[in-house]
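Secondary and tertiary structure notes
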Amino acid sequence: VDEFIIVACDGVWDMFTSQEVVNMIRPRLMPLLNRNDESDNANGSNAAGKQQAFDLGPVLEEVLDRCLAPAPLGNGTDNFTLMVVVPSKKWTSLA
């Protein structure tokens, strides 16, 4: 089962390979996921059985900032969209 899925437009993929983006996101994402797992285990999950939300904004902003061109021509002047999808544990239990 995938830990996470990266969805991005061609502007991001013009600047980085998929592995480079994973290498930028995974080290920052995994501590958040582990903290969420520890919280669920300690609390027996929350009352509604939902996982806690966490803010990936700073992680994604850092990746997108690295995509920006230093000058108004060439690579890094395209539009950028970047999203990370983290499958729910409920999805993995259906497999």
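Our structure is the block above this text.
A brief structural summary. Predicted model only: the values in this text are computed from it and were never measured.

Thresholds applied
Residues numbered from 1 in each chain as written. Predicted model: local features only at pLDDT ≥ 70, side-chain atom pairs only at ≥ 80, totals over all residues. Heavy atoms only, no water. Salt bridge = Lys/Arg side-chain N within 4 Å of Asp/Glu carboxyl O. Helix = DSSP H or I, 4+ residues; strand = E, 2+ residues; numbered from the N terminus. Buried < 20%, exposed > 50% of the residue type's maximum accessible area, 1.4 Å probe, protein only. Core = buried A, V, L, I, M, F, W, Y, C linked by side-chain atoms within 4.5 Å. Contact = heavy atoms within 4.5 Å.

Looking now at the pattern of salt bridges. Within the structure shown, the criterion is met by two salt bridges. Note that Glu3 and Arg26 form a salt bridge whose closest N and O atoms lie 2.7 Å from each other. Taken together, the residues span a long stretch of sequence, with Glu3 in the segment before β1 (5-8) and Arg26 in helix α2 (residues 18-43) at a distance of 23 residues. Given the relative accessible area of 35%, Glu3 is considered partly exposed. Taking relative accessible area as the criterion, Arg26 reaches 35% and is therefore assigned partly exposed. Of the charged contacts in the structure, one is a salt bridge between Glu62 and Arg28, with a shortest N-O distance of 2.4 Å. With Glu62 in helix α3 (residues 57-67) and Arg28 in helix α2, this residue pair connects regions lying 34 residues apart in the sequence.

Here the focus is the nonpolar core. Core analysis: the biggest nonpolar cluster contains 18 residues, and Ile6, Val21, Ile25, Leu29, Leu56 and Val84 have the highest contact counts within it. Put simply, the parts of the chain that give this core at least two residues each are α2, α3 and β2 (82-85). In this structure Ile6 touches Trp13, Val21, Val22, Ile25, Leu82, Met83 and Val84, once residues within four positions along its chain are discounted.

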